[in-house]
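An overview of the molecular structure
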Amino acid sequence: MAAATRLAGIAAVCCVVGWAALAHAQVPAHLAEPLAASAPTWLQDQPAPVMARCRLELFVPGRDGAQVREWLFSRSANQIRLLKSEVEEVWRRDERGRISFDRIFHADRRIVRYSSGELRNFGITPDWLGLSYLVDPRGMRELPASLGGSGSVPLQGARAGQPDQLQWDSVRQLPARVVVEVREGALRMTCLEAPVTLLPAPDSGDYLITDAADLADMAYDPFARKAAALEVRHGWRSAHQH
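Residues numbered from 1 in each chain as written. Predicted model: local features only at pLDDT ≥ 70, side-chain atom pairs only at ≥ 80, totals over all residues. Heavy atoms only, no water.

Tallying secondary structure elements over the protein gives four helices and twelve strands in all. A burial count over the protein gives 46% of its 242 residues as buried. Long-range contacts, defined as pairs at least 24 residues apart, comprise 53% of the intrachain contacts of the protein with a sequence gap of at least 6. When the accessible surface of the protein is totalled, it reaches about 12,300 Å², and 52% of it is carbon and sulfur. (Helix = DSSP H or I, 4+ residues; strand = E, 2+ residues; numbered from the N terminus. Buried < 20%, exposed > 50% of the residue type's maximum accessible area, 1.4 Å probe, protein only. Contact = heavy atoms within 4.5 Å. Areas by Shrake-Rupley, 256 points an atom, 1.4 Å probe, with all protein chains shown as cover.)

With that settled, consider the state of the cysteines. This model, assessed by the stated rule, comprises one disulfide. Between the sulfur atoms of Cys-54 and its disulfide partner Cys-191 the distance amounts to 2.3 Å. On the sign convention where negative means left-handed, the S-S torsion of about 110 degrees between Cys-54 and Cys-191 marks this disulfide as right-handed. You can see Cys-54 sitting in strand S1 (residues 50-59) and its partner Cys-191 sitting in strand S11 (residues 185-193), a full 137 residues away along the chain. Judged by its relative accessible area of 8%, Cys-191 is buried. (Disulfide = S-S within 2.5 Å.)

A few words on the side chain of Arg-81. With respect to the helices and strands, Arg-81 occurs in strand S3 (residues 79-84). Separated by 2.5 Å, the side chains of Arg-81 and Glu-88 make a polar contact. (Polar contact = N/O pair within 3.5 Å; in protein donor to acceptor, adjacent residues only side chain to side chain.)

In this section: the packing of aromatic side chains. Summed over all chains, the structure comprises nine aromatic pairs. The interplanar angle of 40 degrees and the centroid separation of 4.4 Å between the aromatic rings of Trp-91 and Phe-101 together place this pair among those described as tilted. With a gap of ten residues between them, Trp-91 in strand S4 (residues 87-93) and Phe-101 in strand S5 (residues 99-105) connect regions that are remote in the sequence. Neither residue differs from the other here; Trp-91 and Phe-101 are each classed as buried. (Phe/Tyr/Trp six-rings, centres within 6.5 Å; stacked < 30°, edge-to-face > 60°.)

The biggest cluster of nonpolar side chains holds 45 residues, and the ones touching the most others in it are Trp-91, Val-112, Tyr-114, Leu-134, Trp-168 and Met-189. Sort the elements by how many residues they give to this core and S1 lands first, with five residues. (Core = buried A, V, L, I, M, F, W, Y, C linked by side-chain atoms within 4.5 Å.)

Moving on, we get to the pattern of salt bridges. Summed over all chains, the structure comprises 13 salt bridges. Two residues, Glu-88 and Arg-81, come together in a salt bridge whose shortest N-O distance is 2.5 Å. Exposure class is identical for Glu-88 and Arg-81. Each is buried. Ionic pairing is found between Lys-226 and Asp-108, a salt bridge with its closest N-O pair at 2.5 Å. Of the two residues, Lys-226 is situated in helix H4 (residues 222-233) and Asp-108 in the loop between S5 and strand S6 (110-114); the sequence distance between them amounts to 118 residues. Shared partners join several salt bridges into a network, and the residues in it are Arg-92, Asp-102 and Arg-113. (Salt bridge = Lys/Arg side-chain N within 4 Å of Asp/Glu carboxyl O.)

This part takes up unusual backbone geometry. Phi angles above zero are rare outside glycine, and Arg-109 is one such case at about 55 degrees. As for its placement among the helices and strands, Arg-109 is situated in the loop between S5 and S6. With a phi close to 55 degrees, Gln-173 is a non-glycine residue in the positive phi region. With respect to the element layout, Gln-173 can be found in the loop between strand S9 (165-169) and strand S10 (174-182).

Quick look at the sheet that holds strand S7 (residues 141-142) now. Taken in spatial order, the twelve strands of this open sheet run S7-S8-S9-S10-S11-S1-S2-S3-S4-S5-S6-S12, and their pairing is mixed. The two strands at the open ends of the sheet, each matched to only one other strand, are S7 and strand S12 (208-211). As judged from the six bridges shared by S10 and S11, these two strands associate in the antiparallel manner. Residue pairing in the sheet places Val-180 in a bridge with Leu-187 of S11. In this fold H4 packs onto S4, S5 and S6, with an angle of close to 125 degrees to the strand it touches most, S5. (Pairing = 2+ DSSP bridges. Axes fitted to C-alpha atoms, helices over the stretch in contact; angles between N-to-C directions.)

Next comes the structure, spelled out in structure tokens:
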């Protein structure tokens, strides 16, 4: 059970902020700064809008088959959305380059909103380019092209926190296949570009919005406790932080 829980935790937090950012230690790049001149030709610093359907498979030793989940990903110039079951994560960038974040609980019709200042209070410095890639391939080791397919670049993790294997889709600027192996098992993700159906981004008229800064003072509210517990699970807040 512990192995499955840990792998599920990895799957829950790793993708939208990049595999190297499990503790939200994102690359502190300036939002408007292009990739370095030495950046590989298969990586774009302004990836085009895309929608993708991602299949996650969790393999645990001693268990038959895999636990399967599906995520929906959408990328546009100033908004990135990732739907994980009934919880959706939405990152937005305004005209001044400030990044904010909404965690949307569709079943509860509630939104927890994190302003750019609130994210700083959590020690989170979002890297827009890394978010846009879904799984950030920067700094990974490029393998011989013969190991990849057409338009696919095979990569290997070069430091702690990166996936063991990644097939990078240089056309869509998304991971086509990701493999992470740990002692407790393995996580595999495949992403295919496909039209995906995401609910229209809700506004205050449809969903009740709660400022993230208010959660600590709302211990009486079961929803606030659930939202705060998710922050703890993602490493944003300690279990005893108020």
